[in-house]
Amino acid sequence: MNTPGSLTYVYAVTHRTGPLGDALASLHGIGRAPLRFLPLTADTTGPAPSTTPLASLAFVASDVPERDFNETALKNHFEDLHWLEHVARTHHDVVQAIAARAPVLPLRMATVYQDDHRARQALAAQQAVFTQRLDQLRAHTEFGVKIYLTPDATQPPPVTPTPLASPGKAYLQARKAQRHSRDAVYQQAEQAAETIEAIASRHATQRVRHAPQRGELTGPQENVLNDAYLIPDDQAGQFQAAIADAAGSFPDLRIEVTGPWAPYSFAMPASGQADAPEPSP
């Protein structure tokens, strides 16, 4: 039941179990609010159901102040980077804590409902899809793979002008060397992407291609590949080791593997977005 003046904030979908409930009791949501299961029915007094996946399906939720999470307030807060960082970090911490103990479908940050009843209606409307997706993600985790061009790699080697070359000719020689240098690095990045794809075809069950990152997220480095892979837990070590080994073959690139993460990129299937990696020839 909601406290007066609050909304229901939902972090994720999972299956309600006793051990996970014990873990949630020691965690906090946004604003240090207690976390709770929000199952399909309002009766949470009995033991956690275990007879069917549908019976145990639940949101993980907490109360948040209506004054901070109503539609108008959210529009204003999304321009407040300090507020956004706090909410995003807390949301992520809750999802990761669940993922460490049970299959989880992370929900988008700032998913709020007017009250618990409205949240349960939303859960009921998608219960079959949620249950199927949780089964598909069981014993899987997400890993990110990024390729960066390092600043030094895209700089041309010093060019020694030909004797008696005019300033204009010397400039053209330098531009030509720069173009050749960048072309070589981009070709190396294409080869690295093909190598990563071949490795993923042996381990990953799904892939999502995100847009390359730009601006403050990358600094002086250029991000040219930003993929997410869904990896079975028993193959995670092999996947990471294979990527790390392959990275040594591309000295002008930085290949970064992040994770394991809760399956943010795979929480819900999106047509044309999540694909199985193509098998290597």
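Structure first, text after, so check above.
Cut-offs applied
Residues numbered from 1 in each chain as written. Predicted model: local features only at pLDDT ≥ 70, side-chain atom pairs only at ≥ 80, totals over all residues. Heavy atoms only, no water. Helix = DSSP H or I, 4+ residues; strand = E, 2+ residues; numbered from the N terminus. Expected span 1.5 Å × (residues − 1). Buried < 20%, exposed > 50% of the residue type's maximum accessible area, 1.4 Å probe, protein only. Core = buried A, V, L, I, M, F, W, Y, C linked by side-chain atoms within 4.5 Å. Contact = heavy atoms within 4.5 Å. Salt bridge = Lys/Arg side-chain N within 4 Å of Asp/Glu carboxyl O. Arc of directions from axis to C-beta. Polar contact = N/O pair within 3.5 Å; in protein donor to acceptor, adjacent residues only side chain to side chain. Pairing = 2+ DSSP bridges. Phe/Tyr/Trp six-rings, centres within 6.5 Å; stacked < 30°, edge-to-face > 60°. Lys NZ or Arg CZ within 6 Å of the ring centre and 35° of its normal.

Details of helix 5 (residues 81-99)
Inference 1: With 19 residues, helix 5 should cover 27 Å at 1.5 Å per step; its first-to-last C-alpha distance of 26 Å lies within 8% of that length.
Inference 2: Here helix 5 has its buried residues at W83, L84, V87, T90, H91, V94, V95, A97 and I98.

What about the nonpolar core?
Inference 1: Residues Y9, Y11, I30, V60, F69 and I98 are the most contacted members of the largest nonpolar core, which totals 24 residues.
Inference 2: Looking at this core, the elements that each hand over two or more residues are strand 1 (6-15), helix 1 (18-25), strand 3 (57-65) and helix 5.
Inference 3: Among the elements that take part in this core, helix 5 stands out by supplying six residues, more than any other.
Inference 4: What V60 contacts, discounting residues up to four positions off in sequence, is Y9, V10, Y11, A12, T14, L24, L35, R36, F37, V94 and I98.
Inference 5: Counting 22 residues, the second-largest nonpolar core is a separate cluster that includes F143, I147, A189 and I243.

Examining the pattern of salt bridges
Inference 1: Tallied over the full model, the rule gives eight salt bridges.
Inference 2: D227 serves as the salt-bridge partner of R209, at 3.9 Å between the closest nitrogen and oxygen. Of the two residues, R209 is situated in strand 7 (residues 206-209) and D227 in strand 8 (residues 222-232); the sequence distance between them amounts to 18 residues.
Inference 3: Classification of R209 as exposed rests on a relative accessible area of 54%.
Inference 4: One network of salt bridges, in which partners are shared, links R36, D63 and D116.

So, helix 7 (residues 127-137)
An α-helical turn contains 3.6 residues, so any two residues separated by three or four positions project in the same direction.
Inference 1: Regarding helix 7, the residues found buried are F130, T131, R133, L134 and L137. Considered in projection along helix 7, the buried side chains sweep an arc of 165° and stay on one side of the axis.
Inference 2: Positive backbone phi, at 60°, marks A139, one or two positions downstream of helix 7.

Notes on the side chain of T111
Inference 1: Take T111: it is sitting in the loop between strand 4 (105-106) and strand 5 (112-113).
Inference 2: A polar atom in the side chain of T111 sits 2.6 Å from the backbone oxygen of R108.
Inference 3: Sequence-distant contacts of T111, defined by excluding residues within four places in its chain, comprise T8, Y9 and V10.

Examining the pairing of strand 3
Inference 1: Along strand 3, eight of the nine residues are buried, which leaves the element largely enclosed by surrounding structure.
Inference 2: Bridging between strand 1 and strand 3 involves nine bridges; their strand directions are antiparallel. Among the inter-strand pairings, A12 is bridged to a residue of strand 3, identified as V60.
Inference 3: Bridging between strand 2 (residues 36-39) and strand 3 involves four bridges; their strand directions are antiparallel. Note that in strand 3 the partner of R36 across the bridge is A61.

Focus on the packing of aromatic side chains
Inference 1: Under the defined criterion, the tally for this structure stands at eight aromatic pairs.
Inference 2: Between the aromatic rings of F78 and W83, the centroid separation amounts to 6.4 Å while the plane-to-plane angle is 70°, which identifies the pairing as edge-to-face.
Inference 3: Given the relative accessible area of 40%, F78 is considered partly exposed.
Inference 4: Using a relative accessible area of 12% as the deciding quantity, one classes W83 as buried.
Inference 5: Members of the aromatic cluster, joined through ring pairs, are Y9, Y11, F69, F78 and W83.
Inference 6: The ring of Y148 has R254 sitting right over it, with the charged end atom 4.3 Å from the ring centre.

So, the side chain of S56
Inference 1: Here S56 shows up in helix 2 (residues 53-56).
Inference 2: Residue classification places S56 among the buried residues on the basis of a relative accessible area of 7%.
Inference 3: Of the polar contacts made by the side chain of S56, one reaches the side chain of H15; its length is 3.0 Å.

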